[in-house]
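Chains, contacts and geometry: an overview
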Amino acid sequence: MKIRKAVFPVAGLGTRFLPATKAVPKEMLPVVDKPLIQYAVEEALDSGIEQIIFVTGKRKTAIEDHFDNDVELEDTLNKKGKKDCLLDVTRVVPDPGTLIYTRQNQPLGLGHAIWCARHVVGDEPFAVILADDLIKSNTPVLAQMIAKFEENMSSIIAVMEVAPADTDKYGILDSEDMGNRLSRVLGLIEKPTPDKAPSNLAIIGRYILTPEIFRLLDMKKKGAGGEIQITDAMAMMLKEQSIYGYRFEGHRFDCGDKAGFQMANIAYALERPDIKSRLKPFLEGL
Ligand code: G1P
């Protein structure tokens, strides 16, 4: 069964980046010159995803505008002969019908945000991408995971080892290593303190989930932080079906965190010949 749809929860308030995110959605913050959400959308499309479902909220219309044509701007750029700029603004617009928007009407948690997309996803396995987790890799991480899904036909979550002191920032796995970058998940717990964490193997924001997850999310059970957590629904799903952890190939930047966001900007800027020549000596001089 092909993974055709990806859900993008983008309703979060972005409080960690205030005041920058007062009027601008956090997903629109740029890494170099491209909004975070565009990296995530490109990863999905490059992985063969055909339909992108944004779960949005108030003050997020900039995301819709970003992925739409802006005839006035395009005309102006055209008249001024700014061909590169014109290409930059038009190539982000996918074929009509590729993007679908639905709203999360209350901030009840990540599990609830994903549940809001249930009617659009329907009865098929689907992907979830959290744009905060920006992953620089040769093969898009979602494509790596889709290839694994096609072998196992079970839910798969992206995982990586984090500092043991940081377990309370992540969903954490109890798992059994199977080799070949895969682990069989034995248990899952959302944001445990280090003394309660079964390991330091953490969930990173890429999931492939079977549609049974919606029935479990339907129970609307509240977990860590009083929120409906996707990690808790997956923990329940483990009683019925296997879930695998996948150690992806790539470097992950935590762009939900100020330091991680700056690191992403530096790393991506250093890959750009037009910027590197001035940025590198500057960094070395600091
Ligand atoms: C969410 C998930 C968590 C996961 C993390 C990855 O947490 O709830 O399980 O480890 O994303 O970035 P959040 O960062 O939204 O608090």
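What this report covers is the structure whose coordinates are included nearby. From a predicted model like this one, the values you see are computed outputs, not experimental measurements. (Residues numbered from 1 in each chain as written. Predicted model: local features only at pLDDT ≥ 70, side-chain atom pairs only at ≥ 80, totals over all residues. Heavy atoms only, no water.)

Some details on the nonpolar core
One finds Phe 8, Ile 37, Ile 49, Ile 52, Phe 54, Leu 142 and Ile 208 to be the most contacted residues of the largest nonpolar core, which totals 37 residues. Counting residues per element, the ones that place at least two in this core are β1 (5–9), α1 (36–46), β4 (51–56), β6 (126–129), α7 (141–152), β8 (155–161), β11 (201–209) and β12 (243–247). Of the residues forming this core, the biggest block, five residues, is contributed by α7. In this structure, Ile 52 is in contact with Ala 6, Phe 8, Val 41, Ala 44, Leu 45, Thr 98, Leu 99 and Ile 100, ignoring residues within four places of it in sequence. Counting residues in hydrophobic clusters, the runner-up holds 32 residues, among them Cys 116, Val 159, Leu 173 and Ile 230. (Core = buried A, V, L, I, M, F, W, Y, C linked by side-chain atoms within 4.5 Å. Buried < 20%, exposed > 50% of the residue type's maximum accessible area, 1.4 Å probe, protein only. Helix = DSSP H or I, 4+ residues; strand = E, 2+ residues; numbered from the N terminus. Contact = heavy atoms within 4.5 Å.)

What about the site of the ligand?
With respect to spatial proximity, the complete set of residues near the ligand consists of Leu 110, Leu 130, Asp 133, Tyr 170, Gly 171, Glu 190, Lys 191, Ile 203, Gly 205, Tyr 207, Gln 229 and Thr 231. Measuring from an oxygen atom of the ligand, one finds a side-chain N or O atom of Glu 190 at 2.7 Å. Here Thr 231 contributes a side-chain N or O atom positioned 3.3 Å from an oxygen atom of the ligand. Considering the ligand on its own, with 380 Å² of exposed area, one finds that the protein chains cover 79% of that surface. (Near = heavy atom within 4 Å. Polar contact = N/O pair within 3.5 Å; in protein donor to acceptor, adjacent residues only side chain to side chain. Areas by Shrake-Rupley, 256 points an atom, 1.4 Å probe, with all protein chains shown as cover.)

Some points on the environment of Gly 260
Looking at the secondary structure, you find Gly 260 in helix α10 (residues 258–269). With relative accessibility at 6%, the residue Gly 260 sits in the buried group. Once the C-alpha coordinates of Gly 260 and Thr 76 are considered, the two residues, 184 residues apart in sequence, prove to be 36 Å apart. If near-sequence neighbours (up to four positions away) are discounted, Gly 260 is found in contact with Phe 253 and Asp 254.

Here's the deal with the packing of aromatic side chains
Each aromatic ring pair is characterised by the separation of its centres together with the angle its planes make. Per the stated rule, a full pass over the model turns up seven aromatic pairs. Between Phe 8 and Phe 54, the ring centres sit 5.5 Å apart and the planes meet at 55°, which makes this aromatic pair tilted. With Phe 8 in strand β1 and Phe 54 in strand β4, this residue pair connects regions lying 46 residues apart in the sequence. On the accessibility criterion, Phe 8 (1% relative accessible area) is buried. Ring pairs connect the aromatic residues Phe 8, Phe 54, Phe 67 and Tyr 101, which therefore count as one cluster. Above the plane of the ring of Trp 115 lies Arg 118, whose end atom (NZ or CZ) is 3.7 Å from the centre. (Phe/Tyr/Trp six-rings, centres within 6.5 Å; stacked < 30°, edge-to-face > 60°. Lys NZ or Arg CZ within 6 Å of the ring centre and 35° of its normal.)

Things to note about the environment of Pro 35
In this fold, Pro 35 is placed in strand β3 (residues 34–35). For Pro 35, the contacting residues outside a window of four places in its chain are Glu 27, Met 28, Leu 29, Pro 30 and His 66.

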